[in-house]
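Structural overview for review
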Amino acid sequence: PSKAASATFGKELPKLPAEQQVWLIDSLAARGDSAAQTVIAAALTASADPEVRQAAAQALGRIGDARSVKPLAQALATVSSETEANTIVAALAGLPAGRTTDKAMLGELKASQGKARAQLVVALGTRRSPEVLDALLNETENADPAVAKAAYRVLAKAATWATLPTLVRKFI
């Protein structure tokens, strides 16, 4: 019940074996407070163990907000495992909808490149705000074929009556 419990347990997290770190991350996620979110984000970026990073990404996907976008995007840019990348994309896609989160994701999209950018495009597919759809339409013209292809795939599912004519013109 202590308000400082998440921070207190978070200090112990790096000292634990990987399996116990996963358990503690899950427990911290159940608390869901700001300190827990900070500790989990730190585990995502600092841990050398892929299972710990995946647990942290999943936890942030459940309890995170706009503040979680940056550590998730940074992890996505450095990940080498497809399984881990998919976990991070799912976590980003699962973050709560809202203007602040969308803005943070679009900011990370602009700062990314290559495969990470294409994966961020996929994560944006769950968002339907006009700003996100405009950004995805712009990504169809990206010089990187993987990014443009990802944008077209997402837009094929996310197009609205307002964006469909523009999307069709791009196909033509």
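Refer to the structure above for everything that follows.
Here's a quick rundown of the structure. (Residues numbered from 1 in each chain as written. Predicted model: local features only at pLDDT ≥ 70, side-chain atom pairs only at ≥ 80, totals over all residues. Heavy atoms only, no water.)

Examining the side chain of Thr 87
The topology assignment puts Thr 87 in helix α6 (residues 82-94). We classify Thr 87 as buried; its relative accessible area is 12%. The contacts of Thr 87, once residues within four sequence positions are left out, are Gln 54, Ala 57 and Gln 58. (Helix = DSSP H or I, 4+ residues; strand = E, 2+ residues; numbered from the N terminus. Buried < 20%, exposed > 50% of the residue type's maximum accessible area, 1.4 Å probe, protein only. Contact = heavy atoms within 4.5 Å.)

Focus: the packing of helix α5 (residues 69-78) against helix α7 (residues 99-111)
Contact geometry for α5 and α7: axes closest at 10 Å, N-to-C directions at 30°. As far as their axial angle goes, α7 and α5 are roughly parallel. You can see that α5 and α7 cross each other, and the crossing is right-handed. Residues Val 69, Lys 70 and Ala 73 of α5 lie in contact with α7, whose contacting residues are Thr 101, Ala 104, Met 105 and Glu 108. A per-class count over the contact of α5 with α7 returns four nonpolar, one polar and two charged. (Axes fitted to C-alpha atoms, helices over the stretch in contact; angles between N-to-C directions. Parallel < 35°, antiparallel > 145°, perpendicular 65-115°, else oblique. Left-handed = near helix turned anticlockwise from the far one by under 90°. Nonpolar A, V, L, I, M, F, W, Y, C, P; charged D, E, K, R; others polar.)

Describing the pattern of salt bridges
Evaluated as defined, the whole model comprises ten salt bridges. Between Arg 31 and Asp 33 there is a salt bridge whose closest N-O contact spans 3.6 Å. By relative accessible area, Arg 31 is classed as partly exposed at 36%. With a shortest N-O distance of 3.0 Å, Glu 82 and Lys 115 are connected by a salt bridge. Taken together, the positions of Glu 82 in helix α6 and Lys 115 in helix α8 (residues 114-124) put the pair 33 residues apart, joining distant regions of the chain. Take Glu 82: its relative accessible area is 43%, and that puts it in the partly exposed class. (Salt bridge = Lys/Arg side-chain N within 4 Å of Asp/Glu carboxyl O.)

So, the environment of Pro 50
The topology assignment puts Pro 50 in helix α4 (residues 50-63). Spatially, the C-alpha atom of Pro 50 lies 9.2 Å from that of Val 79, the residues being 29 residues apart in sequence.

Comments concerning the environment of Leu 124
For Leu 124, the location among the structural elements is in helix α8. Sequence-wise, Leu 124 and Met 105 are 19 residues apart; in three dimensions their C-alpha atoms are separated by 7.5 Å. Apart from residues no more than four positions distant in its own chain, Leu 124 is found in contact with Met 105, Leu 106, Leu 109, Val 132 and Leu 136.

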